[in-house]
Amino acid sequence: MDITSAKCVINSISRFIHLVSCQTLKPMPLQKNCNTMVGVLRCLKPVLDNVVDCEIPLDDNLYKECEELDVHVNKAREFVEKWSPKMSRIHSVLQSGELLIKLQNTSLRICHTIDISPKLTSSASVLDNLQHHIQELQCLEKEPTTVYIEEVLRNQKEDTKLSYEHLREIIELLKLTSNQELLKESIAVEKERLNAEVNKTKGELDEFNQIVNLVCDLRDHVMKTKCPEVKSGVSVPTYFRCPLSLELMLDPVIVASGQTYERQSIQTWLDNGLNVCPKTHQRLTHTNLIPNYTVKAMITNWCEEKNVELPNNSKQSNSTQSSPPTDHLLHQDFDRVCSFGSSHSSNSNSKSSLQTGNAFEKQKGDNSSRVSSESNRCENGETEKFEQQSLVPSCSHSRKFGDFPTVPQEQFQSPGSKNSTVENEHKYNNNNNIVITSHSKDDARPASNSESDKLITTSHVSKLIEDLQSQSNETQAAAAEELRLLTKFNMENRIIVGQCGAIMHLLPLLYSEMKITQEHAVTAILNLSINEDNKTLIMEAGAIEPLIYVLKTGNNGAKENSAAALFSLSVPENNKAKIGRSGAIKALVELLASGTLRGKKDAATALFNLSIFHDNKARMVQAGAVKFLAMLLDPADGMVDKAVALLANLSTIPEGQVEIVREGGIPLLVELVESGSHRGKENAASILLQLSLHSRRFCTLVLQEGAVPPIVALSQFGTPRAKEKAQQLLSHFRSQRTEAPGRGKS
């Protein structure tokens, strides 16, 4: 075996050490575990450096150990990259502890393997250093909090008495000392548990069930040991404290399980899409909150008796609540999205209000954010008019020389009848947002008159959520279809459906064996994702894995809408990295390779948006995107401009440049510079420039294809951007002092 695996793991170690040094992860136990991981790898790195310096081929055992370590280091890096303060502290500490042990054990095995290899320990100094590193590795230990958590979970599993000392230490070390922090941890753990339930990851689900029980034990411990005082010497009785917030209940309400909670704390719980009782873990059949007047009267009497004054805001009005602002994206309904737009924030001040009876009042003012109509799916597979402007022109790392590709306007006509023709077009409004409209000739009714434009009530959504959980496939399909239709045009409906927690119940249907149910569910998710707040809810609910499953198993319509949903969810910058790391890119590339024309376009659009995040470019290249994009440069496929725009992004990394040349891209790009559209010429010239700057050999290949004449023509008659690229290319050709051979070499 060569030493490639050792070089790879050294590179991964360096990246991980740099990453940890640049980030601060709280709580402190998590940071300490990550620092210890760095300590492990710092001990091992000199050992591996010595292996590489010796240039002695690795034996099978050492090769496998290095490969295994590389996997563990990359998992640790992904863990640090994915971590956010909203995640469960307990689970994060446990994960980091497990990763630490894996890194430590693998590192020790590598050291021991090298220790017994005479080839790799040829000198006494190397041997002494190796023994020193082994001792250092053996001395590194997990952070105490991790040990306490593991011990408590072990006691739970064995049904033995819990250590109150360990519970107290966990609370102190994880900074769960305030009731508010404990409430945040309860919500975070339950959300992650539901994600594991939706994703059907059995091992993870069992672990989260244990952690949920641990959090309950922590709350019980705090309830018993820390009694808040509302007045000097007056402690609040346990039965007047909310089981969730642990505070005195000012507005007690009853949930479907029969338990009583403080309204504000349980509403926060429900607003996070959690549909189980925090205390009993029983699934809530509805989310209605019923005032508990008996407990309220008892608390009032107790306060009067103890001369405790309740805050003025303890009485809450149920008559009117403010809804979230209208979504920033001024999009068409995404229920068959053929094209997409930018996501810059809107300056619109239009808002909706939630009226008595939980129904949104129809907005009668600003019509700029109304969506026009659904782009109907036609049987003969007609295509559409597509226009996409540069998505993130401010993203400096996306392209050198300020080169940001734009997907140009294209228009396709289907061979079908006039009645089946759909035309979609993008237009910009005054706030520089894209407004997408569609016009279907077989449905001339305005969107506001459509059945699907009716406003919905929360009680109706609750009934549909119950149907989504039915054992009947037909009932599930009907409920998913109705949610799809209700969210087709109406932004207010999208807000209501999202707030009622329907997302968590739609996601399991993405795994349905009934293809029509799967399609209705994924399209409903797509429609809901148009709303900015729903994007967050969908991501937090763990939608990426189910969407990837649809991409792999769904019918054509479901695959297309799954790709469209991934595009919509990738609009926020922080989601691009998460989606890229999830495995979605590989599934999108597969759709790009074998999907319908619409599917390929949806996949290309999603991939283009994801490629704005630099790390995703390498993932696309590794997934084989360049090969299929090169094939789509054939004008017969009608996707030339989309393909070359994405290739232009991928050409900014060395791996992309190598693959473009390997897949025979240079002749196709030169041809495109000569006879492509304006945008196609721009992007083709940009790619040729990247290739020529990267490698003298690539520059020679470009010249051998006879690129000079069309480049000269482009420098004189192209668009301003195309002229700039062409002039840079010609200047580079001159600097290489290479004569360009004629076109049509043998």
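Residues numbered from 1 in each chain as written. Predicted model: local features only at pLDDT ≥ 70, side-chain atom pairs only at ≥ 80, totals over all residues. Heavy atoms only, no water.

Colleague: Explain the environment of isoleucine 266 to me, and be specific about the residues and the numbers.
Modeller: In this fold, isoleucine 266 is placed in helix H10 (residues 263–271). For isoleucine 266, a relative accessible area of 0% gives the class buried. Along the primary structure isoleucine 266 and isoleucine 254 are separated by twelve residues, whereas in three dimensions their C-alpha atoms are 9.6 Å apart. In contact with isoleucine 266, not counting residues within four places along its chain, are Leu244, Val253, Val255, Tyr261, Pro278 and Leu289. (Helix = DSSP H or I, 4+ residues; strand = E, 2+ residues; numbered from the N terminus. Buried < 20%, exposed > 50% of the residue type's maximum accessible area, 1.4 Å probe, protein only. Contact = heavy atoms within 4.5 Å.)

Colleague: Tell me what's going on with the layout of surface pockets, and back it up with residues and numbers.
Modeller: The volume enclosed by the largest pocket comes to roughly 1800 Å³. Around the largest pocket sit 44 residues that line it, and Lys82, Met87, Glu192, Asn195 and Met539 are the ones nearest its centre. Secondary-structure elements contributing two or more residues to the lining of the largest pocket are helix H3 (60–82), helix H4 (89–115), helix H8 (179–199), helix H9 (202–225), helix H17 (532–540), helix H18 (544–553) and helix H20 (573–581). In terms of residue class, the lining of the largest pocket is made up of eleven nonpolar, 14 polar and 19 charged. (1 Å grid on protein atoms, 1.4 Å probe; cavity = no way out; pocket = protein on both sides within 12 Å on 5 of 7 lines; lining within 4 Å. Points joined across faces, edges and corners; volume = space filled by probe spheres on them. Nonpolar A, V, L, I, M, F, W, Y, C, P; charged D, E, K, R; others polar.)

Colleague: Kindly report on empty space enclosed by the protein, identifying the contributing residues and their values.
Modeller: By the definition in use, this model includes seven cavities of 30 Å³ or more. The volume enclosed by the largest cavity comes to roughly 100 Å³. Forming the walls of the largest cavity are 13 residues, and the residues nearest its centre are Asn272, Gly273, Met504, Leu537 and Ala541. Those elements that place two or more of their residues in the lining of the largest cavity are H8, helix H15 (502–506) and H17. By residue number, the principal contributor to the lining of the largest cavity is H8, which donates three residues.

Colleague: Got a sec to walk through the nonpolar core? Specific residues and values, please.
Modeller: As a rule of thumb, nonpolar side chains are buried together in soluble globular proteins. One finds Ile266, Leu506, Leu588, Leu669 and Leu691 to be the most contacted residues of the largest nonpolar core, which totals 127 residues. Take this core: its biggest share by element is eight residues, from helix H25 (residues 640–650). Counting residues in hydrophobic clusters, the runner-up holds 64 residues, among them Ala6, Cys34, Leu137 and Leu246. (Core = buried A, V, L, I, M, F, W, Y, C linked by side-chain atoms within 4.5 Å.)

Colleague: Can you tell me about the environment of lysine 279, naming the residues and giving the values?
Modeller: Of note, lysine 279 is situated in the loop between H10 and strand S5 (290–291). We classify lysine 279 as partly exposed; its relative accessible area is 49%. Expressed as a C-alpha distance, the spacing of lysine 279 and asparagine 213, which sit 66 residues apart in the sequence, is 9.7 Å. With sequence-adjacent residues up to four places away left out, lysine 279 is seen in contact with Pro243, Gln259 and Tyr261.

Colleague: Can you tell me about helix H27 (residues 665–675), naming the residues and giving the values?
Modeller: Listing the buried residues of H27 in full gives Gly665, Ile666, Leu669, Val670, Leu672 and Val673. For H27, the angular spread of buried residues about the axis comes to 160 degrees, placing them on one side. Against the buried residues of H27 lie H25, helix H26 (654–662), helix H28 (678–694), helix H29 (696–704) and helix H30 (708–717). (Arc of directions from axis to C-beta.)

Colleague: Mind laying out the sheet that holds S5, listing which residues take part and the relevant values?
Modeller: Spatially, three strands are ordered S4-S3-S5 in an open sheet, and the strand pairing comes out antiparallel. Strands with a single pairing partner mark the edges of an open sheet, and in this sheet they are strand S4 (260–262) and S5. The sheet contact formed by strand S3 (residues 252–254) and S5 spans two bridges and is antiparallel. Counterpart to valine 253 in the pairing with S5 is proline 291. Here H10 sits on the sheet and contacts S3, S4 and S5; the angle it forms with S4, its principal contact strand, is near 95 degrees. (Pairing = 2+ DSSP bridges. Axes fitted to C-alpha atoms, helices over the stretch in contact; angles between N-to-C directions.)

Colleague: Go over the confidence of the model for the protein with me, naming the residues and quoting the values.
Modeller: When the pLDDT values of the protein are averaged, the result is 75; 76% of them are 70 or greater. Mean pLDDT across the elements of the protein ranges from a minimum in strand S8 (residues 359–360), with 27, to a maximum in helix H16 (residues 515–528), with 94. Counting interchain partners and residues more than four positions distant, the pLDDT-below-50 stretch residues 313–450 has 335 contacts. Counting contacts from residues 738–746, a segment whose pLDDT is below 50, to residues more than four positions away or on other chains yields 17 contacts. (pLDDT = per-residue confidence, 0-100.)

Colleague: Let's hear about unusual backbone geometry: which residues, and what values?
Modeller: Even without being a glycine, lysine 175 presents a positive backbone phi close to 55 degrees. Counting through the fold element by element, lysine 175 comes out in the loop between helix H7 (164–173) and H8. Residue class for lysine 175 comes out exposed when judged on its relative accessible area of 54%.

Colleague: Account for the packing of aromatic side chains, with residues named and values stated.
Modeller: Overall, the coordinates contain three aromatic pairs when judged by the stated rule. The interplanar angle of 75 degrees and the centroid separation of 4.7 Å between the aromatic rings of tyrosine 239 and phenylalanine 240 together place this pair among those described as edge-to-face. The class of tyrosine 239 is exposed, set by a relative accessible area of 57%. Residue class for phenylalanine 240 comes out buried when judged on its relative accessible area of 4%. Between the aromatic rings of tyrosine 511 and tyrosine 549, the centroid separation amounts to 4.8 Å while the plane-to-plane angle is 45 degrees, which identifies the pairing as tilted. Of this pair, tyrosine 511 sits in the loop between H15 and H16 while tyrosine 549 sits in helix H18, and the two are 38 residues apart along the sequence. Its relative accessible area of 14% is what places tyrosine 511 among the buried residues. The partly exposed category is assigned to tyrosine 549, whose relative accessible area is 33%. Ring-pair connections join several aromatic residues into one group, and the members of that group are Tyr239, Phe240 and Trp302. (Phe/Tyr/Trp six-rings, centres within 6.5 Å; stacked < 30°, edge-to-face > 60°.)

Colleague: Can you break down the pattern of salt bridges residue by residue, with the values?
Modeller: Under the defined criterion, the tally for this structure stands at 20 salt bridges. Of the charged contacts, one joins arginine 77 and glutamate 81 as a salt bridge, the two residues approaching to 3.2 Å between their closest N and O atoms. With arginine 77 and glutamate 81 both in helix H3 and four residues apart, this pair spans about one turn of that helix. Looking at arginine 77, the relative accessible area reads 11%, which means it is buried. The residue lysine 463 makes a salt bridge to aspartate 467 at a minimum N-O spacing of 2.9 Å. Within this pair, lysine 463 and its partner aspartate 467 are both found in helix H12 (residues 458–468), separated by four residues, close to a single helical turn. In this structure lysine 463 comes out as partly exposed when scored by relative accessible area, which is 42%. Note on aspartate 467: relative accessible area 17%, which makes it buried. Taken together, the salt bridges that share partners define one network made up of Glu190, Arg193, Glu197 and Arg283. (Salt bridge = Lys/Arg side-chain N within 4 Å of Asp/Glu carboxyl O.)

Colleague: Describe H26, listing the residues and the values that go with them.
Modeller: Within the span of H26, buried status applies to Gly656, Gln657, Glu659, Ile660 and Val661. The positive-phi residue at the C-terminal boundary of H26 is glycine 664, with phi of around 70 degrees.

Colleague: Please set out the side chain of histidine 505 residue by residue, giving values where relevant.
Modeller: Looking at the secondary structure, you find histidine 505 in helix H15. With relative accessibility at 9%, the residue histidine 505 sits in the buried group.

Colleague: Go over the packing of helix H21 (residues 584–594) against helix H22 (residues 597–610), please, and point to the residues and values.
Modeller: Two elements in contact, H21 and H22, have axes whose closest approach is 8 Å; the angle formed by their N-to-C orientations is 145 degrees. Considering only the axes of H21 and H22, their crossing is left-handed. Across the interface between the two elements, Ile585, Leu588, Val589, Leu591, Leu592 and Ala593 of H21 pack against Gly599, Lys600, Ala603, Ala604, Ala606, Leu607 and Leu610 of H22. Looking at side-chain class alone, the contact of H21 with H22 contains eleven nonpolar, one polar and one charged residues. (Left-handed = near helix turned anticlockwise from the far one by under 90°.)

Colleague: Give a description of the side chain of serine 92 that names residues and reports values.
Modeller: Here serine 92 shows up in helix H4. The exposure class assigned to serine 92 is buried, which follows from its relative accessible area of 1%. Sequence-distant contacts of serine 92, that is, excluding residues within four places in its chain, are made with Leu30, Phe79, Trp83 and Met87.

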